[in-house]
Amino acid sequence: QRSLDWSRSGPGSMDQRSVARLDADLVDRVRQKVQAYTDEGFVWFYHLVSRYPLPQHCVRWIHEYFTARARGENLALEAFRGSLKTTVFTNMLTAYAIGCFPEKETIFVQSIDQMANDNSAFVGDLVMSSPGFRVLFPHLAPDIDAGWGANGYEVKRTDVPYGQWRKQRTKTPTLLGAGYKSADVLGRHPSMHGILDDVNDHKNTRSQRELNMVTSKINKEVRPAFDRVQMQIDIFTPWVPGDVGQTAKTKPNTRVLRTPIYELDEKGNITDVPTWPEEFPEERIQRLR
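## A short note on the overall build of the chain
(1) Moving on: A count of helical and extended segments in the chain gives eleven helices and twelve strands.
(2) Moving on: For the chain, the C-alpha atoms occupy an extent of roughly 80 × 55 × 35 Å along the three principal directions.
(3) Moving on: Considering the chain as a whole, with its 289 residues, one finds that 47% of them fall into the buried category.
(4) Moving on: With an accessible surface of roughly 14900 Å², the chain has 51% of that area assigned to carbon and sulfur atoms.
(5) Moving on: Across the chain, the 38 positively charged side chains and the 36 negatively charged ones have centroids separated by 4 Å.

## Structural notes on the nonpolar core
Taken as a class, soluble globular proteins show a tendency for nonpolar side chains to be buried jointly.
(1) Moving on: Membership of the largest hydrophobic core comes to 45 residues, with the highest contact counts inside it found for Tyr37, Phe42, Phe45, Tyr65, Phe89 and Tyr96.
(2) Moving on: For this core, the secondary-structure elements that each account for two or more residues are α2 (16-35), α3 (39-50), α4 (56-71), β1 (74-79), α5 (85-100), α6 (113-129), α7 (131-136) and β9 (231-236).
(3) Moving on: Per-element accounting of this core gives the leading share, nine residues, to α5.
(4) Moving on: With 15 residues, the next largest nonpolar core counts Leu176, Leu196, Val222 and Val244 among its residues.

## Focus: unusual backbone geometry
(1) Moving on: The phi angle at Tyr37 is positive, at roughly 55°, despite the residue not being glycine.
(2) Moving on: Position of Tyr37 relative to the elements: it lies in the loop between α2 and α3.
(3) Moving on: At Leu84, a residue that is not glycine, the phi angle is positive and equals roughly 80°.
(4) Moving on: One can find Leu84 in the loop between β1 and α5.

## Notes on the side chain of Asn204
(1) Moving on: If you trace the backbone, Asn204 turns up in the loop between β8 (193-197) and α9 (208-225).
(2) Moving on: Assessed through its relative accessible area of 5%, Asn204 is described here as buried.
(3) Moving on: A polar side-chain atom of Asn204 sits 3.2 Å from a polar atom in the side chain of Asn200.
(4) Moving on: The residues touching Asn204, leaving out its near neighbours within four places in the chain, are Tyr180, Val199, Glu210, Leu211 and Val214.

## Let's talk about the packing of aromatic side chains
(1) Moving on: Applying the stated rule across the entire model yields 16 aromatic pairs.
(2) Moving on: Between the aromatic rings of Tyr65 and Phe66, the centroid separation amounts to 4.8 Å while the plane-to-plane angle is 85°, which identifies the pairing as edge-to-face. Just as Tyr65 is buried, Phe66 falls in that class too.
(3) Moving on: Measuring from centroid to centroid gives 4.9 Å for Trp148 and Tyr153, while their planes differ by 80°, and the two rings are edge-to-face.
(4) Moving on: Cluster of aromatic residues (ring-pair linked, three or more members): Tyr37, Phe42, Phe45, Tyr46, Tyr65, Phe66, Tyr96, Phe101, Phe133 and Phe137.

## Observations regarding the pattern of salt bridges
(1) Moving on: Counted under the stated rule, the structure contains 16 salt bridges.
(2) Moving on: Note that Arg255 and Glu73 form a salt bridge whose closest N and O atoms lie 2.9 Å from each other. Residue Arg255 is located in strand β10 (residues 254-259), and its partner Glu73 is located in the loop between α4 and β1; the two are separated by 182 residues in the primary sequence.
(3) Moving on: The residue Arg157 makes a salt bridge to Asp159 at a minimum N-O spacing of 2.7 Å.
(4) Moving on: The exposure class of Asp159 is partly exposed, given its relative accessible area of 45%.
(5) Moving on: In the salt-bridge network here, residues are joined through shared partners; they are Glu105, Asp143, Glu154, Arg166 and Arg169.

## Things to note about the environment of Asp113
(1) Moving on: The topology assignment puts Asp113 in helix α6.
(2) Moving on: As a C-alpha pair, Asp113 and Val123 span ten residues in sequence and 15 Å in three-dimensional space.
(3) Moving on: If we skip the residues at most four places from it in the chain, Asp113 touches Ala178, Gly179 and Ser182.

## Let's talk about α3
(1) Moving on: Its twelve residues give α3 an end-to-end C-alpha distance of 16 Å, which sits within 8% of 16 Å, the value for a rise of 1.5 Å per residue.
(2) Moving on: Among the residues of α3, Gly41, Phe42, Phe45, Tyr46, Val49 and Ser50 are the ones counted as buried. What you see down the axis of α3 is that its buried residues fit within an arc of 135°, all on one side.
(3) Moving on: Two residues or fewer past α3, Arg51 is found with a positive phi of approximately 70°.

## Quick word on the packing of α3 against α5
(1) Moving on: Where α3 meets α5, the closest approach of the two axes is 10 Å, and the angle between their N-to-C directions is 100°. Here α5 runs roughly perpendicular to α3, going by the angle between their axes. Contact with α3, carried on its side by Gly41, Phe42, Phe45, Tyr46, Val49 and Ser50, involves Thr87, Val88, Met92, Leu93, Ala95 and Tyr96 of α5 and no other residues of that element.
(2) Moving on: The residue inventory of the contact of α3 with α5, partitioned by class, reads nine nonpolar, three polar and no charged.

## Details of the environment of Thr67
(1) Moving on: Assignment of secondary structure puts Thr67 in helix α4.
(2) Moving on: Considered as a pair, Thr67 and Leu186 are 119 residues apart in the sequence and their alpha carbons are 30 Å apart.

Quick notes on the rules
- Sequence order as written defines residue numbering, which begins from 1 separately in each chain.
- Only residues with pLDDT of at least 70 are given local features in this predicted model, and only at 80 or more are side-chain atom pairs given and counted; all residues enter the totals for whole chains, interfaces and linings.
- With hydrogens and water set aside, each side-chain value is computed from the structure's full complement of heavy atoms.
- Strands here are runs of E lasting at least two residues and helices are runs of H or I lasting at least four, both read from the DSSP assignment and numbered beginning at the N terminus.
- A 1.4 Å probe rolled over the protein chains alone gives each residue an accessible area, and that area as a share of the maximum for its type sets the label: buried under 20%, exposed over 50%, partly exposed in between.
- In this description, accessible areas are obtained by the Shrake-Rupley approach with a 1.4 Å probe, and a residue is regarded as covered only by the protein chains that are shown.
- Positive charges are assigned to Lys and Arg, negative charges to Asp and Glu, while His and the chain termini are left out of the count.
- Where a charge lies is defined by one atom per residue type: Lys uses NZ, Arg uses CZ, Asp uses CG and Glu uses CD.
- Put simply, buried Ala, Val, Leu, Ile, Met, Phe, Trp, Tyr and Cys residues joined by side-chain atoms within 4.5 Å make one nonpolar core.
- Polar contacts, as used here, are pairs of N or O atoms within 3.5 Å; protein pairs need one atom able to donate a hydrogen and one able to accept it. Residues neighboring in sequence count only if both atoms are side-chain atoms.
- Residues are treated as being in contact if the distance between any of their heavy atoms lies within 4.5 Å.
- Pairs were defined over the aromatic rings of Phe, Tyr and Trp, the Trp ring being its six-membered one, requiring ring centres within 6.5 Å. Orientation was assigned from the angle between planes: stacked under 30 degrees, edge-to-face over 60, tilted for the rest.
- Here a salt bridge means any side-chain nitrogen of Lys or Arg lying within 4 Å of a carboxyl oxygen belonging to Asp or Glu.
- For a helix, the expected span equals 1.5 Å multiplied by the number of residues minus one.
- Picture the helix axis, draw a direction to every C-beta atom, and the arc is the one those directions span.
- Axis lines are fitted to C-alpha atoms, over the contacting stretch for helices. Their N-to-C directions set the angle, which ranges from 0 to 180 degrees.
- Angles below 35 degrees are treated as roughly parallel, those above 145 as roughly antiparallel, those between 65 and 115 as roughly perpendicular, and all remaining angles as oblique.
- Three residue categories are used. Nonpolar comprises Ala, Val, Leu, Ile, Met, Phe, Trp, Tyr, Cys and Pro, charged comprises Asp, Glu, Lys and Arg, and polar comprises the others, including Gly.

Take a look at the structure:
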């Protein structure tokens, strides 16, 4: 808009180089705000990378995430299907953390390998190709030689010597997505986030035996691999009593968030006000019901 105004202005107006400097100053201010790794920075990041505003209920999630982070807590989010919990945490927060802390690692675990691979590829594409990400984090690039695929995605800083950068890295890739049955998590110890994203589904909760297998795998193999993370994040829609999500809510030092399809009042009771009326108005909720 500033460039357009300049092109239509008359004698004595701001010259094009001044406009370019002003634009560069604006970019620098936005970049500093984003790179500070705050709730406000994430809202900017989400908007500039996805090109959509962050829905209000998701803004609350991010505020609670940064509150939990400041207090050294883990996070458990119980939310309705379609609420953007995977988009916000598994995809966009992971990409944001990579941009701000490229030396740290995130692993997310989902119900099947294909789903995890699709989501890790999505984050990888953001890092590699998103114009917004490139503007906000110009000093980062994919480290193709070190690994870029389903076995793990590595990034590198371009503002330090490569040899010096590799000395900061571990055998755990910057980003790895895996199904809960995968052995890829074994021996990995991420230092940023360990995310469990809808590990349960209709197949692995059909019987107590199948449910026990999932919870045993998570408790004996996956969570022990998250022993060095800054935060464990569980995001889920409830299935049955005793599932992985319900277990996460009972763990100590965990901030629990609950977002049903209707808003909650101050006492935690469900109201008749849709949580996300733009996407799930009353008519759609009734059809789903």
